[in-house]
Every structure is written in structure tokens, then in C-alpha cells.
Amino acid sequence: MRTVIFRFTAPYLTSLMVLFSIFVLLRGHNEPGGGFIGGLIAASAFAIYGIACGVAPVRRALYFHPMAIAATGLLVSVSAGCISILLGRRFLTGLWTFPDVLGGIGLSTPVMFDIGVYLVVVGAITSIALALEEGDD
Amino acid sequence: MAVSDTHAAIDASAAQLPGALAAADYLPILPVVICFLAGAVMLILRKRTAWHGWIAIPALCLLTLTDLLLLRRVAGEGPQTMMMGGWRAPFGIAFTADLAGTLFATVGAMVALACGLFALVSISAEERRYGFFPFLFLMMGGVSGAFLTGDIFNLYVWFEVLLIGSFGLLILGSRHQQLDGAIKYCFLNLVGTTLFLIATGYLYGWFGTLNMADIARKAADQPAGGGLYTIAALYLVAFGMKAAGFPLNAWLPASYHTPRFVVSALFAGLLTKVGVYALIRVLLMLLAPQQQDLAFILAWVAGLTMMVGALGALAQTDLRRLLNYVVISGIGTIFVGIAAPGALGAGGDGAVGLSGALFYALHSIVVMTGLYLAAGVATDRAGSSSLHDMGGLWRGHVGFAAMMLVLLFAVSGLPPFSGFWPKLMLVRASFAAGMPWLGAAVLASGFLVTIASARVFALAFWRSKPEHEAMVVEPARYEHLDGPKPRGADAMLPILGLVCLVLAAGLWPQWLAGLTRTAAAGILDPGAYLHSVFGAAP
């Protein structure tokens, strides 16, 4: 699989797919999309990079271990629920805030939860994909 | 920072529950939150194995404490409900902690704490790096969620979560034998879970709701029909498979002897009981009329499971495999109470059968975990888990031998310990339900398990160590003996704790029997449960 063309295009493809996955993640708040599907797109981006250039460069590029990324995602998602506990609302109640600095863009706990889901999916699927690709070498 | 609920033009206030909550109202959700927070933190710190104990044990203590507080509140004020996101009842996902679920969750947390302490001395640094403690918390999150949820699809999700955790624990170490056991376990559990999902799909099609309280309310005015029997039978097969009921029990002895002792202890204590709990919840609370027509099948399943377990235990010469069959026999005993729950308001103690089943399930969680942990210590001391090669363990370890004796007496159902009282209730219930043969089966299987227990104690502890060294020890067979040795007071403490629970429940059974009686009444007559979910005006 390591042809020159593939190896040349894979980094561009990967960065485009990661960008697209973040777009899908944020779009998912009110329209089709979301953390799960965004995470799958990002994980396939890393898998492509791994197929083209080997597993070690992917691990270097990710810097954190994929399992640690998944765990961070879990932490972020559970924390999104805990914010509503701290504010005396029922668990996982959606809470919004519109800070003036962002000029009307809302921040909310559902988005935070979705980012957590995104990280869990990216981390878990990437660690499986990388482990399988390592087995091939 | 302005926090507002109304987003854009949609006014969600009519669909949302009003009002702020007190700190104690969060108790139903906290066990799950604690497990996932601790699990996530430990997964991030996976490589720092020295920190694991310092995070895991306080987190497990906190989990136990939270469950105890929840139990006190539920016992005092009735079922507690937390609606996720504040959405109103049939639409939002409910977490409803009633007495039965909370009792299971509390005892489960205690057992997990004991196993966590035991794991500190018996799990190697390599296995910790592989993720023993994160998987433990993932599994406990699933178990706590399954016991406390009030939504049947959510129950399915928690089953999946605890299965993923248990898969990880099962293959810890990646030995050939373990993978062999894990494949059987995974395959049968996935089949069971798929049946569960199919049944839930039918149930949703039938009632148009997944909220357990809503289903219980609607099922009460349903005419009996073929569709509901299909659903009930599917649930029976799915949960029967999880619980290792008779025709579907082959996966348990094939897989439970392969992982570490502490993992077997957790599985034997908790996982089959989650299946039993789900069966009680679905058949006795949601589909009670169907249960009455399935009672005959349930009774046969119970009787055969008990006998298969007891006879299997007699036939085994390996301590661990023997215990696998004792687990199955215990599951059969619990099924007696599901087959003959007893009617409410019959004399002074209604629902004696279901009450006995709940009591026996709680007893079985503690005793089976204790027995597997003690078997781990015994195997380490004797250098083998085969009853042919063990012997003389009481010499020099009198305290340990006494604890083992208590656990063996308890699992056989002998009087001063916790196994006796629930069996008494179950025998009475099966006579009252007009199935005296089922009561006889309880006694007969108890007798056979007593013989099996006596064999364990006589061979492994009482007789002196056999002299023969002629037996060829296959290296593969004793692979589980490598790694850290569960020795010293650190390994004894968790077993001692479990033995104290057994003694407490055996010598003062009234408090626990009182709780299980109320819990059983709450399942057979879910009025308080409905009230907790729907509020004053449903």
C-alpha cells in the first residue's frame, strides 16, 4: 500500500478529513452530524495515515495515547452532566450560556457532551485500528 | 454568565420538570458518575500503576458509601427517581432506585470493594498497565446502572457497558486458555444481549414506551395475548442465558475458571445476579400476568438448574470448576423464588418467595465472591487448585480455615449462616404455591452442595498434605499460579469482611429479611414506583 502517490496524498487527505470531522461534530448540534459520526471520520483519517506512512508516525502525530484520548472524552462527557449537578439542576440538563466575547455564539453542555463522545470514539477506534495495523507489520 | 434554559424559539418548559433539587436527590445517579469518573481518570493514568490503588480504593469506598446513603433514603422514603435532563416521565430516561435495585447495588459495591482490596495484592503491575482497574470501574458503572435504571432500553445499554468491562477483565493477560474461555463467554453473552434487544423492540412496538413504570402501568390493563407471551418468553431466554439458567448454563463452567481468581470472584458474585435482577424486574414487575402462566416452566428451570449445579459440583475435582457449578446451583435456588413469588397480603408475610429470592441473591453475591477469593488464597498456599493435590491447609492457617468453613456452610445453607434463612423462605413458598417437589429439590440440591462443600474442606483443609508427587503437572494447567501471591493480612482482610457480612446476615436475619420483604412487595405492587416516576398525578 505504500506507493508514492498514496504516501504523498495521505497527509493532505488526513488533515482534510480531521477538519471535516470537526465540522460534522459542530454541525451536529442542530442538524445531522454529531460526535459519534465525527469521531468515526477522524478515526478513519488516522487509519489512512497509518496505512500510508506506518503506525509510528501516527502515534507521534497524536502525541497522546489513543486510550488516554478516549478516557479524556469520557471525563468531558461525564463532567457535562456534573455541571448540571453543581447548578442544582437534574443530571444532564442542557444548559446554555451566551458570553459577549463570542458575539452571540452559544456554549452549552450538550456540545460539551458531544465533544466528549467525539474524543471517546476517536480514541477507541484509533487504538483498535492502530493495533490491527501494527499486527500487519 | 447568564444561564438560560430556553434556546431559540422553542419553549421546552412544558416538557421539563420544574424546581431545583436538594443534594440527596442526586443519590440515584451518583454511583454511575463515580464509577465513570474514577474509571476515566485511571485510564488516563494507565501507565502509573503505583497510583491505581490510591485512586481505586477511595473511589470504591465512596461508591459503597453513596449506595449505603441511597439505601437509607430509599428504605425511609420509598423509591427515588431522577429524570435525565429534567424531561418529563415517559419521554425522558428515568433512573429509579427502588429498594430491590438499591439492595443489589449496595451489596455489589461492597463486593467490588473487597475485590479491589484483594486485587491490590494479587494483580501484577503488568496487568494493571493493561487496565485491570479501569475495566473494573467500567464494569461497576454498568452494574450500578443496570440496578438503578428505570428504563428498559437503558437497562440494555448498561448490560452492554458491563459486558465490555467484563470482556476486558476476562482476557487480562491474554493467555491461550483465557482467550478460549472468553470466546465462549462473549459469543453466548452477545446472543443473549441480541435476544434482549429484539424483545425490547417488540415491547416498544407493543406499548409504545420504554419507561418501566409506564410499561407496568399499561401492562396492568392489557388483555392477555400471544404477543405479550412472546415478549415474556424472549426475555426469559435472554436473561436466563445471562443468569446461567439450566439449558443455557454451559458457558459459565467453560469460562469462569480461566481468568484471575479475583476476576472470577467478581463475575460469579455480580454478573449472573444482574441477569437474575433483570428477570425479576421484567417478569414480576412488568409482565406479571405472563409470569403466572410461565411459572411452571420457571419452576422446572429452577429445579433442573439447582440439580445440574449440585451434581456438577459433586463431579468436579478442581476447586474452581467446583465453585463454578455451585454458582449455577445458587442461580437455580433464586429461580425458585421467581417461579413462586407468593401473593401479597397472604398472612403476615406476603411475597415470601420473592423475598427469599432477593435475600438468597444478596447472600449469593457475598458468599460466591468470598469463596472465589478464598479459593485464590488456598490455591496459592497449596500450589495447586486440584483437590487431589491440596491438603493440610488448616495447619498454620487456622483463621483462614475457619473463614473457609463459614463460607462453605453458608453456601450449603446450613443454619447459623446467611444461606439458611432464604432457603427456608423459598421452601415455604414452593409448598404454598402447590409445588412441593420444588421445595424438595431445594433441599436435595442443598444436601448435594453440602456434600461437595464437605469434600472441599475434608480434602483441601482437613487431611494432611498428600505425599504423592507422581502426578504429572502440566504447566499450562497451573498458569494462573504465576504473578503476585495473595498472602498475608492484606489478602485476608477482604475475605474477613465478606465473612462478617455472612455472619451478620445469618445471626440477625430480621433486618435483611425485613428489607427484602419490603423490596419484594414493591416489585409485586409497583404503586410507589409509579408514584416516584410520575409524581402525584400520573
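I will try to describe carefully the structure that is included in this document. (Residues numbered from 1 in each chain as written. Chains lettered and ligands numbered in written order. Predicted model: local features only at pLDDT ≥ 70, side-chain atom pairs only at ≥ 80, totals over all residues. Heavy atoms only, no water.)

1. Description of the side chain of Arg 281 of chain B
Residues and elements named next belong to chain B.
Phase 1: The topology assignment puts Arg 281 in helix H11 (residues 261-286).
Phase 2: We classify Arg 281 as buried; its relative accessible area is 1%.
Phase 3: Within the structure, Arg 281 has its side chain in polar contact with the side chain of Asp 98 (distance 2.7 Å).
Phase 4: Setting aside chain neighbours within four positions, we find Arg 281 in contact with Asp 98, Gly 101, Met 212, Leu 286, Ile 523 and Tyr 529. (Helix = DSSP H or I, 4+ residues; strand = E, 2+ residues; numbered from the N terminus. Buried < 20%, exposed > 50% of the residue type's maximum accessible area, 1.4 Å probe, protein only. Polar contact = N/O pair within 3.5 Å; in protein donor to acceptor, adjacent residues only side chain to side chain. Contact = heavy atoms within 4.5 Å.)

2. Overview of the layout of surface pockets
Phase 1: Counted as a void, the largest pocket has a volume near 1800 Å³.
Phase 2: Contributing to the lining of the largest pocket are 46 residues, with Leu 74 and Val 120 of chain A together with Phe 36, Leu 138 and Ile 164 of chain B lying nearest its centre.
Phase 3: Of all the elements in the fold, those that place two or more residues in the lining of the largest pocket are helix H2 (35-53), helix H4 (66-86) and helix H5 (109-136) of chain A together with helix H1 (30-44), helix H5 (132-148) and helix H6 (152-170) of chain B.
Phase 4: The element that contributes the greatest number of residues to the lining of the largest pocket is H5 of chain A, accounting for 10 residues.
Phase 5: In terms of residue class, the lining of the largest pocket is built from 36 nonpolar, 6 polar and 4 charged. (1 Å grid on protein atoms, 1.4 Å probe; cavity = no way out; pocket = protein on both sides within 12 Å on 5 of 7 lines; lining within 4 Å. Points joined across faces, edges and corners; volume = space filled by probe spheres on them. Nonpolar A, V, L, I, M, F, W, Y, C, P; charged D, E, K, R; others polar.)

3. Comments concerning the interface of chain B and chain A
Phase 1: Each partner contributes to the interface: chain B provides 29 residues, whereas chain A provides 23 residues.
Phase 2: When chain B packs against chain A, close to 2300 Å² is buried across both sides, 67% of that on carbon and sulfur atoms.
Phase 3: Counting across the interface, chain B meets chain A through 0 salt bridges.
Phase 4: Our enumeration of links across chain B and chain A arrives at 4 residue pairs in polar contact (both at pLDDT 80 or more).
Phase 5: Mapped by element, the contributors of at least two residues to the side of chain B that touches chain A are strand S1 (3-4), H1 and strand S2 (80-83) of chain B.
Phase 6: For the side of chain B that touches chain A, the leading source of residues is H1 of chain B, giving 8 residues.
Phase 7: Looking at side-chain class alone, the side of chain B that touches chain A contains 20 nonpolar, 6 polar and 3 charged residues. (Buried area = accessible area lost by both parts, 1.4 Å probe. Salt bridge = Lys/Arg side-chain N within 4 Å of Asp/Glu carboxyl O.)

4. With respect to the nonpolar core
Phase 1: Formed by 199 residues in total, the largest nonpolar core has its most connected members in Phe 132, Tyr 235, Phe 267, Phe 335 and Ile 495 of chain B.
Phase 2: Those residues in contact with Phe 267 of chain B that lie beyond four places of it in its chain are Met 139, Ser 166, Leu 169, Leu 170, Tyr 185, Tyr 256 and Thr 272 of chain B.
Phase 3: Counting residues in hydrophobic clusters, the runner-up holds 11 residues, among them Tyr 49, Leu 62, Val 122 and Leu 130 of chain A. (Core = buried A, V, L, I, M, F, W, Y, C linked by side-chain atoms within 4.5 Å.)

5. Quick word on the side chain of Arg 73 of chain B
All names here are of chain B.
Phase 1: Here Arg 73 shows up in helix H2 (residues 49-77).
Phase 2: Owing to a relative accessible area of 19%, Arg 73 belongs among the buried residues under this scheme.
Phase 3: A distance of 2.9 Å separates polar atoms of two side chains, one belonging to Arg 73 and the other to Asp 25.
Phase 4: If we ignore the near neighbours within four places in the chain, the residues touching Arg 73 are Ala 24, Asp 25, Leu 27, Gly 78 and Gln 80.

6. Considering the state of the cysteines
Phase 1: In the structure shown here, the tally under the stated rule is 0 disulfides over all chains.
Phase 2: Note on Cys 115 of chain B: no disulfide assigned, nearest cysteine sulfur contributed by Cys 35 of chain B at a separation of 14 Å. (Disulfide = S-S within 2.5 Å.)

7. Points about unusual backbone geometry
Phase 1: We note that Tyr 63 of chain A has phi near 65°; this positive angle belongs to a residue other than glycine.
Phase 2: Among the structural elements, Tyr 63 of chain A can be located in the loop between helix H3 (55-62) and H4.
Phase 3: Look at Tyr 63 of chain A and you get exposed, because its relative accessible area is 68%.
Phase 4: Here Ala 244 of chain B, not a glycine, exhibits a phi torsion of approximately 65°, which is positive.
Phase 5: Relative to the elements of secondary structure, Ala 244 of chain B occurs in the loop between helix H9 (226-243) and helix H10 (251-255).
Phase 6: Under the relative-accessibility criterion, Ala 244 of chain B is labelled buried at 0%.

8. Points about the pattern of salt bridges
Residues and elements named next belong to chain B.
Phase 1: For the structure on display, the rule yields 9 salt bridges over all chains.
Phase 2: We note a salt bridge from Lys 218 to Asp 214, for which the minimum N-O separation is 3.6 Å. Placement of the pair is Lys 218 and Asp 214 together in helix H8 (residues 212-220), with a separation of 4 residues, close to one helical turn.
Phase 3: For Lys 218, a relative accessible area of 32% gives the class partly exposed.
Phase 4: A relative accessible area of 3% means that Asp 214 is categorised as buried.
Phase 5: Beyond isolated ion pairs, a larger network of salt bridges with shared partners links Asp 25, Arg 73 and Glu 77.

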